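Understanding the architecture of this molecule
Letter by letter, the chains look like this.
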Amino acid sequence: GAVVSQHPSRVICKSGTSVKIECRSLDFQATTMFWYRQFPKQSLMLMATSNEGSKATYEQGVEKDKFLINHASLTLSTLTVTSAHPEDSSFYICSAAGDSPVGDTQYFGPGTRLTVL
Amino acid sequence: SQQGEEDPQALSIQEGENATMNCSYKTSINNLQWYRQNSGRGLVHLILIRSNEREKHSGRLRVTLDTSKKSSSLLITASRAADTASYFCATVPSGGYQKVTFGIGTKLQVIP
């Protein structure tokens, strides 16, 4: 199946700093990438949808100025958590979807665990 | 809002037994997918079933879909300890990728 990578896999930062998470589709062109957040023992909550070359669409309640998403190419999307606070500590997962061969299946990255001290 | 709701939320069985998890949803779908997540890890796609399909098999997995009841079930036969994980259903609404919604998940423990 298609491969999606995320970097870093784990990050610990101080409150007030910004953290950038990269999501890459390694063997296909991802026209759409999704960013999810998962709190402990909970399900994945969609944060935003990004299409290459256009602005991301954020879900209700997600602050677009706090969670900056850039989808500059068909293989890379980045999520920047600006001025991170402890309540932003979570597991962030991206997924990518595109045309053939992935059809209408999303392929998920391995996730990034963010801990804000 | 959450679309899929899995039932049960937790399931503990002996190795070799079958495990059945259910998922209910509320709106029209294009397809429904099941994923597995090992603790603290990313998601692994297991199987996709389209709205015009009723049953699908993949190895020890069997998925059914009843669009009239807006429900799906995932059956894992002859379970193994390695099947221990959380299982999520995800619904893709009619019209494409937008707003894929995950259920709350079923945590499966297979006891050796």
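A short tour of the structure in this document, coming up. None of the values given here were measured: they were computed from a predicted structure.

In terms of regular secondary structure, chain A is built from 0 helices and 11 strands. Secondary structure elements of chain A occur, N-terminal to C-terminal, as β-β-β-β-β-β-β-β-β-β-β. Expressed along its principal axes, the backbone C-alpha trace of chain A runs to roughly 40 × 25 × 20 Å. Here chain A, with 117 residues, has 53% of them falling under the buried criterion. For chain A, the distance from the average site of its 10 positive side-chain charges to the average site of its 10 negative ones is 10 Å.

Going from His7(A) to Pro8(A), the amide bond is cis rather than trans, its omega being 0 degrees. Mapping Pro8(A) onto the fold places it in the loop between strand 1 (4–7) and strand 2 (10–13). Even without being glycine, Lys70(B) reaches a positive phi, approximately 50 degrees. Mapped onto the fold, Lys70(B) is located in the loop between strand 7 (61–66) and strand 8 (71–76). Not every positive phi belongs to a glycine, and Ala78(B) is a case in point at roughly 45 degrees.

Scoring rules and cut-offs
- Residues numbered from 1 in each chain as written.
- Chains lettered and ligands numbered in written order.
- Predicted model: local features only at pLDDT ≥ 70, side-chain atom pairs only at ≥ 80, totals over all residues.
- Heavy atoms only, no water.
- Helix = DSSP H or I, 4+ residues; strand = E, 2+ residues; numbered from the N terminus.
- Buried < 20%, exposed > 50% of the residue type's maximum accessible area, 1.4 Å probe, protein only.
- Lys, Arg positive; Asp, Glu negative; His and termini not counted.
- Charge placed at Lys NZ, Arg CZ, Asp CG, Glu CD.

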